[in-house]
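# An overview of the molecular structure
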Amino acid sequence: VARLLIRAALLVCGAALFGCGGDSNNRSATANSSSSSGQVAASKNYKVSYHAAARFAEQASFGPTATLIEELRTKGFAQWIDEQFAVPPSKVDPDKFAQWQLQQPNWFDVWNPWMAELHRLWLTAPDQLRQRVTWSLSQYIVVSSQRLDPGAVGIWFNQLHDMALGNYGDLIYGISTNAAMGFYLDNVQNRPKSAECPHCAPNENYARELMQLFTLGVVKLNADGSTVRQANGRPVETYTQRDVDELARVLTGWTYAPKPPGAPVDRNWGNWERPMVPSTWAPERDSGAKTVLGRAFPAGQSQQKDLQDVVALLMGHPNIAPFVALRVIQHLVKSNPSPAYIARVGAVFRDNGSGVAGDMKAVVKAVLLDPEARAGDDPATLAKGDGKVREPVLHLVGMLRGLGCQRAPVEPWSSRPMVAGYQNPFNPNSVFSFYAPTDLSPGRNVLAPEQKLLTASEFRQRLWHLQYLLIYDWQNVGSAQAREAGLQRLRDAGCGFDAMVAAYRASPRALIDLLGPRYFRGAMPASLRVELEKLSTAWKNTYGWADEEIVVKLLTMALMHPAYGAVL
Amino acid sequence: VIRRRDFLRAGAGATAASLLGGAGLAALGLAPGAARAGDYRALVVLFLTGGNDGHNSLVPTDAAYNDYQAARANLALPKASLISLSGSAAGHTFGLHPALAPLAPLYGQGRLAWIANAGPLVRPATAEQVRNSAVDVPAFLGSHSDQVAIQQGWTVQDDQSGWGGRGIERLPDSLRNPLGAVTMSNNRTLVQGRSSAPAFLDGFTIPADWGMLRLDNMASAESQAIQRFSRKQYGQTYANEYARSLQSSLDDSLLFTQAAQRAKQPTADFGSSDLGTRMRMLASLLPVLKADGYRRQVFLVEWGAFDTHANQRGSASETQDAQLVHVAQAVAGFDEAMRAAGLGDDVAMLMMSDFGRTVRPGSGGGSEHAWGNHWFALGGTVQGGTVHGTFPSYALGGPDDGDPASNGRHVPTIATDQVGATLMQWLGLPASELHAVFPDLANFGQKTIPLMRG
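Analysis parameters
Residues numbered from 1 in each chain as written. Chains lettered and ligands numbered in written order. Predicted model: local features only at pLDDT ≥ 70, side-chain atom pairs only at ≥ 80, totals over all residues. Heavy atoms only, no water. pLDDT = per-residue confidence, 0-100. Contact = heavy atoms within 4.5 Å. Salt bridge = Lys/Arg side-chain N within 4 Å of Asp/Glu carboxyl O. Helix = DSSP H or I, 4+ residues; strand = E, 2+ residues; numbered from the N terminus. Buried < 20%, exposed > 50% of the residue type's maximum accessible area, 1.4 Å probe, protein only. Phe/Tyr/Trp six-rings, centres within 6.5 Å; stacked < 30°, edge-to-face > 60°. Lys NZ or Arg CZ within 6 Å of the ring centre and 35° of its normal. Buried area = accessible area lost by both parts, 1.4 Å probe. Polar contact = N/O pair within 3.5 Å; in protein donor to acceptor, adjacent residues only side chain to side chain. Nonpolar A, V, L, I, M, F, W, Y, C, P; charged D, E, K, R; others polar. Axes fitted to C-alpha atoms, helices over the stretch in contact; angles between N-to-C directions. Parallel < 35°, antiparallel > 145°, perpendicular 65-115°, else oblique. Left-handed = near helix turned anticlockwise from the far one by under 90°. 1 Å grid on protein atoms, 1.4 Å probe; cavity = no way out; pocket = protein on both sides within 12 Å on 5 of 7 lines; lining within 4 Å. Points joined across faces, edges and corners; volume = space filled by probe spheres on them. Pairing = 2+ DSSP bridges. Core = buried A, V, L, I, M, F, W, Y, C linked by side-chain atoms within 4.5 Å.

Moving on, we get to the confidence of the model for chain B. Residue and element names in this part refer to chain B. Averaged over all residues, the pLDDT of chain B is 92; the fraction at 70 or higher stands at 91%. Confidence drops under a pLDDT of 50 for residues 1-29, and excluding neighbours within four residues, the segment shows 41 contacts in the predicted structure. Counting interchain partners and residues more than four positions distant, the pLDDT-below-50 stretch residues 31-35 has eleven contacts. Overall fold confidence for the complex sits at a pTM of 0.93, while the interface term, ipTM, reaches 0.93.

Encoded structure:
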């Protein structure tokens, strides 16, 4: 048996999906968990423990892989972050969105390859930190393929990705002139009343959401993110309807960039790759004087100058630092940060140390290196309220990264990439996205935004998604042919599922020993380990399922455990 | 009396599988043909997300049409296209948006009522008071998320519960049952209790097959393992949040699946939209729930993209014109199915939305966020065939316009709380509990409106 175990381990290491680093015997991890027996790497002078590196990878990437953990342990967090900042952005290739510029493509013929591209990046791109930050920003700075062509949303992803680690002021300018955003929140149609358009009046949609959702929020905030209140306890509002009216006037007069003469009439009517440009037709622009939040916008300013002044106004507002700090912290680290943590990150937003405000590299680094983010690196120091519920996208992509997949496997019943159906990326119902930063869990009233997505539908998908790849076939559900086709789909996506099956064939314990370091930071709860061993025996004895089916069910079951359902 | 917790504890036992059989139900006091089956009432709140333009849903056809046409300009519906409603009410004759044609006969039969210029208020307020900042008004007017929270909940931001959830919590014990408060989407404010979570109902599919496990075989090794995961207490807040979400999803789904296995598909036409699909699912389940002895339920059904800042008119899929077609088909289908199943007097529906929209159009052929709005209520016990309340003036800067900039933002003349209190009282909420469920009602002399019969 011992020989078999070693062979299985060699097979897994040889597959180079996961090194044998980490606590593969699943001892409860400690700050010194690098000292597991039988590892080539044990003598290395690591800067952080296996557990700490895996935990950091859950905050700063789309999930741990052996390579990433090794890199983090070798370099330490600060150096890794600095190096990530220097990695060029990995972007989706719009040419892969087959025929998206045709007049009437099938929606899924565009959406499927865009999702395949996005998941390729999330699974394999070297700029993992930027990928994770872009995904975070995209969840509160929203355009959605429920209104836009999916191809245009794919291009939006690239544009947001370019801006994600730049300056937040530039980001505000960039999204305000972005063609997809111009369409999604109607600012491209924002026109004043004029003789030429007697029924026009400023379109307030973008003006309102720019303040409410992208920069300030509806209540005045203290530097630590707490609400400023009146004497009677009611929150002080950030702006009035009058400010919305006036800001809408400021933002009038933008139009899609012109397309080259002779360009075909196609789905790219918004010229999505290019920012909007100022309209040169005077009636489309309100060039009068305006006042927003007490700041005067003199008459006769250009669209660009007015927008630059908007950026200065928003960047100078006391709300924006705690507003951005809370959101980045919630998406990367924890749902309910202490006021002091928000204030520390907010201070970095205000001044990166060189007098620059809005430096997102500095903000992200401050979020990830804050003592409150790192407190749980040693499990003994994890506070009761640390972490958050794992959102569906991170559950699915984390699972696939743990399998070593290079692409999202294709679902046999839909011919689509396997995506989180109940957090459909870049496709939320409205600009209010999947959840709000203030969402409390019902009945228990714990600040837990991602909990909103933990419905019966989501749990059911987690329970069937992977195993149906393996057993689903229109003609022969659960047959040997169906299973072989499913295994081929996983191989086609580059997933290392066969290595898990090999481990299981060596012994169920060998498989469980793999799952611990891959998905549980080398610290799989002992009770889960017992459950998996019991299930393995029960299934083998009761059902006589094929090995592959048992493996996929053990993996699925392990990831249903609260130790994976929450990111602590 | 079965408290939700006891009920679920019973379901959590080793005999959970027997819940799917009549014997298990009987043991819980819920069973097909149970003696107490019969006294059933359900409130279905259809919430049109984004802010449905009530001005283009219910339109006066008398002399006021000219004011409407002048004020709404390019948004105005041609008079000849409107579907006439029988009789007159609130001092006017009315017509419906042509897409709402299936609702006109229901109005004529006295099953459907409109509620004019309703919306959130802290206390009674006139437009003049609002323009002069001389009266307390709800916070964050114009903000989607906050107005939804206020309309479904109340005016204090830090309390995320809703009046449906709070009302269900305060019903007499004899009217309590599992699945009392239910949402059919991720959004849930209306049905969120102060200390209890709503159930979630997937409107598209509620199979017993969950892949790894079957809800009708909760004794299997995998089902038992999942239940051990979900019922354990963990030392970490978010592990517990996850576990309890998993547990309630299993418990609630077990009950829904059990009902679905005995449900008959209604023959009514619900249309082909997602809303129609969900309303069909709901219509198929309610007769079974009634027969099993459930007593009181509130359902939240949110649907739509009604934030029509631009392109409000026309045939494209996200115009108001196009979406109202789906609303009318789903609502009329639901009503027909309820009547066919003998639940016509047991179920009431309320249609509401984030807020109304400005009277004046905006550039791009749309309208902006406003305040008061026109809603409808439907059901056999609704005082239908009329328009409740006071119909507002279209004059920009006129007697109903609370906007100092005269964009036509109507100050409501019926409070959301008055409508909610009326419906919760219909469900059986004692008058003594009204202020606990609707705290701002303390500021109103009139607590309810004459929307329901008896």
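All right, on to the pattern of salt bridges then. Residue and element names in this part refer to chain B. Applying the stated rule across the entire model yields 56 salt bridges over all chains. Among the salt bridges present, the one from Glu433 reaches Arg170, with a minimum N-O distance of 2.8 Å. A residue pair is termed long-range when its members are at least 10 positions apart, and Glu433 in the loop between helix H12 (416-427) and helix H13 (434-437) and Arg170 in the loop between helix H7 (163-169) and strand E6 (181-183) qualify at 263 residues. With a shortest N-O distance of 2.6 Å, Lys290 and Asp346 are connected by a salt bridge. In this pair, Lys290 sits in helix H10 (residues 274-291) while Asp346 sits in the loop between helix H11 (320-340) and strand E9 (347-353), placing the two residues 56 residues apart along the sequence. As far as the burial class goes, Lys290 and Asp346 line up, both buried.

Another point: the packing of aromatic side chains. Going through the model one piece at a time under the given rule, you end up with 38 aromatic pairs over all chains. Relative to Tyr68 of chain B, the ring of Tyr65 of chain B has its centre 5.4 Å away and its plane inclined at 45 degrees; by these criteria the two rings are tilted. Residue Tyr65 of chain B and its partner Tyr68 of chain B are both found in helix H3 (residues 64-72); the two are separated by three residues, about one turn of the helix. Tyr68 of chain B carries the same exposure label as Tyr65 of chain B, and that label is buried. Ring geometry for Tyr68 of chain B versus Tyr394 of chain B: centroids 5.6 Å apart, planes at 65 degrees, classification edge-to-face. Pair noted here: Tyr68 of chain B is in helix H3 and Tyr394 of chain B is in the loop between strand E13 (387-388) and strand E14 (414-415), with a separation of 326 residues, a long-range link. The exposure class assigned to Tyr68 of chain B is buried, which follows from its relative accessible area of 0%. Clustering of aromatic rings is evident, with ring pairs tying together Phe62, Phe97, Trp114, Trp122, Trp135, Phe157, Phe426 and Phe434 of chain A. Over the face of the ring belonging to Phe323 of chain A we find Arg327 of chain A, whose NZ or CZ atom lies 3.5 Å from the ring centre. The ring of Trp545 of chain A carries Lys553 of chain A above its face, with NZ or CZ at 4.1 Å from the centroid.

Tallying the contact residues gives 71 residues for chain B and 81 residues for chain A. Roughly 6,200 Å² of surface becomes buried between chain B and chain A when both sides are summed, with 53% attributable to carbon and sulfur atoms. Among the residues of chain B in contact with chain A, Met212, Tyr238 and Tyr242 of chain B are the three that bury the most area, contributing 15% of the side total. Inspection of the region where chain B meets chain A yields seven salt bridges. Across the pair Arg234 of chain A and Asp136 of chain B runs a salt bridge whose closest N-O atoms are separated by 2.8 Å. Summed over the shared surface of chain B and chain A, the number is 35 residue pairs in polar contact (both at pLDDT 80 or more). Where the side of chain B that touches chain A is concerned, the elements lending two or more residues are helix H6 (144-152), helix H8 (221-231), helix H9 (237-260), strand E10 (357-362) and strand E11 (366-369) of chain B. Top contributing element to the side of chain B that touches chain A by residue count: H9 of chain B, with eleven residues. Considered class by class, the residues forming the side of chain B that touches chain A number 26 nonpolar, 28 polar and 17 charged.

Okay, the packing of helix H4 (residues 77-86) of chain A against helix H15 (residues 360-369) of chain A next. All names here are of chain A. With their axes 11 Å apart at the nearest point, H4 and H15 run at an angle of 155 degrees to one another. Put simply, H4 runs roughly antiparallel to H15. The chirality of how H4 crosses H15 is right-handed. Of H15, the residues touching H4 (which contributes Phe77, Ala78, Ile81, Asp82 and Phe85) are Lys361, Lys365, Leu368 and Leu369.

On to the packing of helix H10 (residues 205-215) of chain A against helix H11 (residues 241-250) of chain A, then. Residues and elements named next belong to chain A. Remark: H10 packs on H11, axes separated minimally by 8 Å, with the N-to-C direction vectors making an angle of 120 degrees. Taken together, H10 and H11 sit at an angle that is classed as oblique. Relative to H11, the crossing made by H10 is right-handed. Where H10 abuts H11, its residues Ala207, Arg208, Leu210 and Met211 lie against Gln241, Asp243, Val244, Leu247 and Ala248. A breakdown of the residues in the contact of H10 with H11 according to their chemical character gives six nonpolar, one polar and two charged.

Bringing helix H8 (residues 168-176) of chain A into the picture now. All names here are of chain A. Across the nine residues of H8, seven count as buried, placing the element largely inside the fold. Every buried residue belonging to H8 is among Tyr168, Gly169, Leu171, Ile172, Gly174, Ile175 and Ser176, and all of these are buried. The N-terminus of H8 is capped by Asn167, whose side-chain oxygen sits 2.7 Å from the backbone nitrogen of Gly169.

The next subject is empty space enclosed by the protein. If you walk through the whole model with that rule in mind, you get ten cavities of 30 Å³ or more. Roughly 240 Å³ of internal volume is contained in the largest cavity. Every residue lining the largest cavity is counted, 19 residues in all, and those nearest its centre are Gln451 and Leu454 of chain A together with Pro198, Phe200 and Ser248 of chain B. Counting only elements with at least two residues in the lining of the largest cavity, the list comes to strand E7 (199-200) and H9 of chain B. Reported here for the second largest cavity is a volume of approximately 120 Å³. Residue lining of the second largest cavity: 13 residues in total, with His395, Leu396, Gln461, Arg462 and His465 of chain A positioned closest to the centre.

For the rest of this paragraph, the subject is the sheet that holds strand E2 (residues 58-60) of chain B. All names here are of chain B. In space, the three strands of this open sheet follow the order E2-E4-E3, with antiparallel pairing throughout. The sheet is open, and its two edges are formed by E2 and strand E3 (83-84), each paired on a single side. Pairing between E2 and strand E4 (residues 94-96): three bridges, direction antiparallel. Bridge assignment links Val59 to a residue of E4, and that residue is Gly95.

Another aspect to go through is the nonpolar core. Residues Trp114, Tyr168, Phe214 and Tyr519 of chain A are the most contacted members of the largest nonpolar core, which totals 188 residues. Residues in contact with Tyr519 of chain A, not counting those within four places in the same chain, are Gly398, Met399, Gly402, Leu403, Met500, Leu555, Leu559 and Tyr564 of chain A. Grouped together as the second largest cluster of nonpolar side chains are 69 residues, Leu48, Tyr65, Leu112 and Phe306 of chain B included.

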